[in-house]
Amino acid sequence: MTTPIAVDQQRPLDLLAEGAACAAAGWDDPDELARFTRWHDAAAGRRGESTLVIEGMYCAACSVGIEQTLQALPGVESADVNPATRRARVVWDPERVRASSMVAAIEAAGYRAYPALSLQAEAGRRREQRTMLWRLFVAGFCAMQVMMYAAPLYWAGPGDMSPDIARLLLWASWLLCIPVLVFSSGPFLRGAWQQIRHRRIGMDVPVALGIVVTFVASTGAAFDPGGPFGHEVYFDSLAMFVFFLLCGRWLEMRSRSATVGALESLMLRLPEMVRRLGPGDAVEMVPVRRIRPGDRVQVLPGEAFPADGRLCDGSTQVDEALLSGESTPVLRGPGQAVLAGSFNLGAPVSLEVERAGGDTRYAQIVALMEHASTERPQLVRQADRIAAPFLWAVLLAALLAAAVWSFIDPGHAVWVAVSVLIVTCPCALSLATPSALLAAAGQLARGGVLVQRLVALEALARADLFVFDKTGTLTEDRLGLAGVSPAPGWTRAAALRHAAALAAGSLHPVSRALCEAARSEQAGPELLTGLREIAGRGVEGRDAAGRCWRLGSAGFAGTEAAPTGGQGVAAWLSVDGALVASFAFDERLRADARDAIAALQADGARVMLLSGDRGESAGRVARSLGLSEVHAGASPEDKLRLLSEAQAGGAKVAMVGDGVNDGPVLARADVSIAMGQGAPLARAQADLTLLGGRLADLVRARRLARRMLRIVRQNLAWAALYNAACVPLALLGWLPPWLAGLGMASSSLLVVLNAQRLRRPEAAAPAAARTPPGALAPVVPVTRG
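Engineer: Whenever I open this one, the overall build of the protein chain confuses me. Can you help?
Structural biologist: When helices and strands are tallied, the protein chain shows 26 helices and 30 strands. Classification of the 785 residues of the protein chain by burial places 54% in the buried group. Once local pairs closer than 6 in sequence are excluded, the contacts in the protein chain between residues at least 24 apart make up 69%. Summed over its atoms, the accessible surface of the protein chain is roughly 33,300 Å², and 60% of this surface lies on carbon and sulfur atoms.

Structure, rendered in structure tokens:
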């Protein structure tokens, strides 16, 4: 943990001046600021809330130091740094401080800052990943070579090896440890130097001290065996030590990068360039951030609406499922409102912009998600600060051991100190959890579950309340034919054949459902010609006799008859204005939804349905699944409020969703699960993604997470036992550095091998009985206010 020793009162003022250099890079440009800053009008004046990505932050120790550095700047009112997502949220006064000054302060502290959701952040993260992989490769390769040279020295008996050969092997080991020290150990040495330079102590300080002392002492022993460092060298322990530490750091970086990278790419949902209409409807391509209220833009079929506004002309079907939770496309005509991020499914339309950029509904949802993802619970902050005395205790123990042994046996004082540093280094402890997490994540990945945050598996194992969205989560992302009501004189098969012929050339969800139903019932389509689709109304065509067939709304088909089956979406089929049949459609439950819900309930978990869809639709799904807790008509803010209330009541919440409107609650939940076919925003914020969309995978993931938790406890118990036994031995001088290094490597290997047991599949659990539908409570509509 990072703890401050003193604060330089002049330094914040110097950083304000250094910010001028950063300003040249565009940090203070209003258009650039709009990409990562949202403005609020407070009682004390205008305030900015900026979200930055921090590069070079490897542990929780760094987050407190960055917060303190930012809060020391005049004009910065609050700073929250989340080490898990490497994001900083800063609230600042533009009258007293500039964004460039904040960036200069972060860089002066030894880190780099990029705007959230920017190409620079993506490039920086990829560069950091490549460098870390190279460091790990160099450390691993050199460790293998050093071990090869050290083995003969360990096992050779008296007279088996000449002094010249032994010296040559030592020099070769020394040579191979130089890249390990200079290159592979770079993050630890640089982090320790930054912490010391800013008069703080973090985890990098004892680690770097152990690395440097081991290398210096081993170098002295290799080149001057009769000197103060003795004749024993531990280059192999040094190389293995660095390799194992880098393994843990790389595992952490992998899980974190998957999350942050997905989050920064979510803005690709909105187009980068839009067609702005000028005088005479002249089209001008402009960046999306340049559009302003009052502009008119053209949106083609298949594109996302770039802003909130109203249609000027034309009608089209709009897919708002990922924003509002509405399960079916809605018809929008001139003068009707559309939301940024929703998709145009039908025809080219022009949009008059009412709200753009950070004022759109889509941007507000993203802001809620970012705010939730940068928050750190108070217990975590307290734990970070309590960790600082442990680091001081490690250094103090090593210094005291060296001091005491300088009187007992000066030739062993350095080695006792090094042994204490190596033994107290939490290598096995640091690998105890990540090794089990990675083994579980690998097993889940082979079964179609992508784990984006490894630490979320523990939260999944402890979750006792599972909250499901409806559309696209419990139901499939397409409609199903619920019923056919033929008119007198017509059969179901004949109606399906003619409807399928009209629907064959349309991509509308109703058309796809009709074609699928006709194929499943082997109702071959009739031959119709002159097919024409009228956006928002339906499809028409003619048969060989010249009769006009129409499929679509009641008005388009020329009849006002109502369907007799189903309770969802309806379509009518007519010939020359005479009703042939009416079709009812409804959402289709996922094939394994009932079994998955029943399995969770049998395991003792509560299950809740939380949907933005209509109460009638949500109630039908809940009744078919045996759910008693249902909340319908919920906005993203409502969902976040209900989730927060459940957490305040002590529940450990797992949220399962697939839409952009689920982003805030996915960020706030203790563990979040997204469907693989869901919105980029939901997948970016989720801890786990069900790539195949199978809810049975969620049940399997929870059971595996529980197994993982048991193995983590076993690993932690072993690591604690190892340290409790070895630290006294090292202090007494009974544990030489080579044995301390071997013990450290062996303990690390043991916890890794124990974690590999997670790769073995677990026996399937017995099928669970489902909750009877008769026990259902009424649907609870969400009230606001």
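So much for the structure itself; the text now carries on.
Engineer: What am I meant to see in the pairing of strand β2 (residues 37-42) here?
Structural biologist: Each regular strand carries side chains that alternate between the two faces of the sheet. As paired elements, β2 and strand β3 (residues 45-55) share six bridges and run antiparallel to each other. Across the sheet, W39 pairs through a bridge with G48, a residue of β3. Here β2 folds back onto β3 in antiparallel fashion, the turn holding two residues.

Engineer: I would appreciate a short explanation of the sheet that holds strand β13 (residues 330-332) in the present structure.
Structural biologist: Hydrogen bonds between backbone groups are what pair the strands of a sheet, and the pairing can be parallel or antiparallel. Sheet architecture is open: three strands sit in the order β13-β12-β15, paired in antiparallel fashion. At either end of the open sheet lies a strand with only one pairing partner, and these are β13 and β15 (343-344). Here strand β12 (residues 316-319) runs beside β15; their pairing, made up of two bridges, is antiparallel. Each bridged residue has a counterpart across the sheet, and for D319 the counterpart in β15 is F343.

Engineer: What's the story with a nonpolar patch on the surface in this structure? I'm lost.
Structural biologist: Together, W134, F137, F141, M144 and F183 line one region of the surface with nonpolar side chains, adding up to about 560 Å² of accessible area. At four residues, the largest contribution of residues to the nonpolar patch is made by helix α5 (residues 119-155). Position of W134 among the secondary structure elements: in helix α5.

Engineer: Explanation requested: the packing of helix α6 (residues 163-184) against helix α7 (residues 186-197) in the structure shown.
Structural biologist: Between two packed helices, what matters for the description is the angle formed by their axes and the separation of those axes. Their axes nearest at 6 Å, the elements α6 and α7 cross at an angle of 50 degrees. Relative to α7, the element α6 is oriented oblique. Of the residues in α7, those in contact with L181, V182, F183 and S184 of α6 are G186, P187, F188 and L189. Its residues assigned to classes, the contact of α6 with α7 comprises six nonpolar, two polar and no charged.

Engineer: How do you make sense of the nonpolar core when you look at a structure like this?
Structural biologist: Counting residues in each nonpolar core, the largest one holds 52 residues, and the members touching the most others are L460, F466, F468, L474, L688, L698 and M708. The element contributing the most residues to this core is helix α25 (residues 696-731), with nine residues. Setting aside residues no more than four positions away along its own chain, L698 makes contact with L460, F466, F468, L600, V656, I673 and L690. Counting 28 residues, the second-largest nonpolar core is a separate cluster that includes L502, A513, L514 and F585.

Engineer: I'm lost on the sheet that holds strand β10 (residues 296-299) in this one. Help?
Structural biologist: The sheet built from six strands is open, its strands ordered β9-β8-β10-β16-β11-β14 with antiparallel pairing. The open sheet terminates on both sides in strands that have one partner only, identified here as β9 (283-287) and β14 (337-338). Pairing between strand β11 (residues 308-313) and β14: two bridges, direction antiparallel. Across the sheet, R310 pairs through a bridge with A337, a residue of β14.

Engineer: Is there a simple way to think about the pairing of strand β8 (residues 273-277) in this case?
Structural biologist: Here β8 runs beside β9; their pairing, made up of five bridges, is antiparallel. Within β9, the position partnered with V274 by the bridge is V286. Counting the residues in the hairpin turn of β8 and β9 gives five residues, including G280, whose phi is positive at 70 degrees. Where β8 lies against β10, three bridges are found, and the strand directions are antiparallel. By the bridge assignment, R275 is partnered in β10 with Q298.

Engineer: I tried to follow the packing of aromatic side chains on my own but got confused; where do I start?
Structural biologist: Think of a pair of aromatic rings as described by two things: how far the centres are apart, and how the planes are tilted against each other in angle. Under the counting rule described, the total for this entry stands at seven aromatic pairs. Ring geometry for F137 versus F141: centroids 6.1 Å apart, planes at 25 degrees, classification stacked. Remark: F141 and F137 occur in helix α5; sequence separation between them is four residues, near one turn of the helix. An angle of 85 degrees between the planes, with centres 5.1 Å apart, marks the rings of W174 and F223 as edge-to-face. One end of the pair, W174, is in helix α6; the other, F223, is in helix α8 (residues 204-223), and 49 residues separate them in sequence. For W174, a relative accessible area of 22% translates into the label partly exposed. Relative accessible area serves as the criterion here: at 44%, F223 is assigned to the partly exposed category. By the ring-pair criterion, three or more aromatic residues cluster together here, those being W134, F137 and F141.

Engineer: Before we go on, may I ask you to explain the side chain of D93 in this structure?
Structural biologist: For D93, the location among the structural elements is in the loop between β5 (87-92) and α4 (99-108). Take D93: its relative accessible area is 9%, and that puts it in the buried class. In this structure the side chain of D93 is engaged in a polar contact, spanning 3.0 Å, whose partner is the backbone nitrogen of E95. Residues contacting D93, with those up to four places away along its chain left out, are R46, R47 and G75.

Engineer: Would you take a moment to explain α25 for this structure?
Structural biologist: Residues spaced three or four apart along an α-helix point in a common direction, a consequence of the helix completing one turn every 3.6 residues. For α25, spanning 36 residues, the distance from its first C-alpha to its last is 52 Å, which sits close to the expected 52 Å at 1.5 Å a residue. One or two residues past the end of α25 sits G733, with phi positive at roughly 80 degrees.

Engineer: What is the right way to look at the packing of helix α17 (residues 492-503) against helix α18 (residues 509-520) in this model?
Structural biologist: Interhelical geometry of α17 versus α18 gives an angle of 135 degrees and a closest axis separation of 9 Å. Judged on the interaxial angle alone, α18 and α17 are oblique. Along this stretch, α17 crosses α18, giving a crossing that reads as left-handed. On the side of α17, the interface is formed by L496, A499, A500 and A503, while α18 contributes S511, L514, C515, A517 and A518. Of the residues that constitute the contact of α17 with α18, the class distribution is eight nonpolar, one polar and no charged.

Engineer: I keep staring at the pattern of salt bridges and nothing clicks. Help me out?
Structural biologist: Side chains bearing opposite charge may pair, as long as their charged atoms lie close to each other. Taken as a whole and judged by the stated rule, the model has 23 salt bridges. The partner of D80 in a salt bridge is R89, with the nearest N and O atoms 3.2 Å apart. Residue D80 is classed as buried on the basis of its relative accessible area of 16%. With a shortest N-O distance of 3.1 Å, E354 and R310 are connected by a salt bridge. One end of the pair, E354, is in strand β16 (residues 349-355); the other, R310, is in strand β11, and 44 residues separate them in sequence. On the basis of relative accessibility, which here comes to 33%, the residue E354 falls in the partly exposed class. Bridged by salt links that share partners, the residues D308, R310, E354 and R355 form one connected network.

Engineer: Hey, could you run me through the environment of A440 in this one?
Structural biologist: Following the sequence through the fold, A440 ends up in helix α14 (residues 427-446). In contact with A440, not counting residues within four places along its chain, are L457, L704, M708 and L758.

What counts as what
- Throughout this description, residue numbers start from 1 for each chain and increase along the sequence as written.
- Thresholds applied to this predicted model are a pLDDT of at least 70 for local features of residues and 80 or more for the giving and counting of side-chain atom pairs; totals over whole chains, interfaces and linings are not thresholded and use all residues.
- Computation of side-chain values covers all heavy atoms of the structure but excludes hydrogens and water.
- Put simply, DSSP marks the helices as runs of H or I at least four residues long and the strands as runs of E at least two long, and each gets a number from the N terminus on.
- Here the term buried applies to any residue with accessible area under 20% of the maximum for its type, exposed to any over 50%, and partly exposed to those in between, with areas from a 1.4 Å probe on protein chains only.
- By definition in these notes, contact holds between two residues if any of their heavy atoms fall within 4.5 Å.
- Under the convention used here, a 1.4 Å probe and the Shrake-Rupley method define accessible areas, while residue burial counts only the protein chains that appear.
- DSSP bridges decide pairing: two strands pair if at least two such bridges lie between them.
- Each patch is assembled from residues with relative accessible area greater than 30% and no salt bridge, linking like charges that lie within 9 Å and nonpolar side chains (Val, Leu, Ile, Met, Phe, Trp, Tyr) that lie within 5 Å.
- Salt bridges are identified by distance alone: a Lys or Arg side-chain nitrogen within 4 Å of an Asp or Glu carboxyl oxygen.
- Note on geometry: axes are C-alpha line fits, over the in-contact stretch for helices, and angles between N-to-C directions span 0 to 180 degrees.
- In this scheme, roughly parallel covers angles under 35 degrees and roughly antiparallel covers those over 145, while 65 to 115 is roughly perpendicular and the rest are oblique.
- All residues other than Ala, Val, Leu, Ile, Met, Phe, Trp, Tyr, Cys, Pro, Asp, Glu, Lys and Arg, Gly among them, are scored as polar; the first ten of these are nonpolar and the last four charged.
- Each nonpolar core is a collection of buried residues, namely Ala, Val, Leu, Ile, Met, Phe, Trp, Tyr and Cys, held together in the definition by side-chain atoms within 4.5 Å.
- Only Phe, Tyr and Trp rings are paired, with Trp represented by its six-membered ring, and only when their centres lie within 6.5 Å; those with planes under 30 degrees apart are stacked, over 60 edge-to-face, the remainder tilted.
- Definition of a polar contact: a pair of N or O atoms within 3.5 Å, with one able to donate and the other able to accept a hydrogen when the atoms are protein atoms, and with sequence-neighbouring residues admitted only if both atoms are side-chain atoms.
- Here a helix's expected span is defined as the number of its residues, less one, multiplied by 1.5 Å.
- In this scheme the crossing of two helices becomes right-handed for a clockwise turn of the near helix relative to the far one and left-handed for an anticlockwise turn of less than a right angle.

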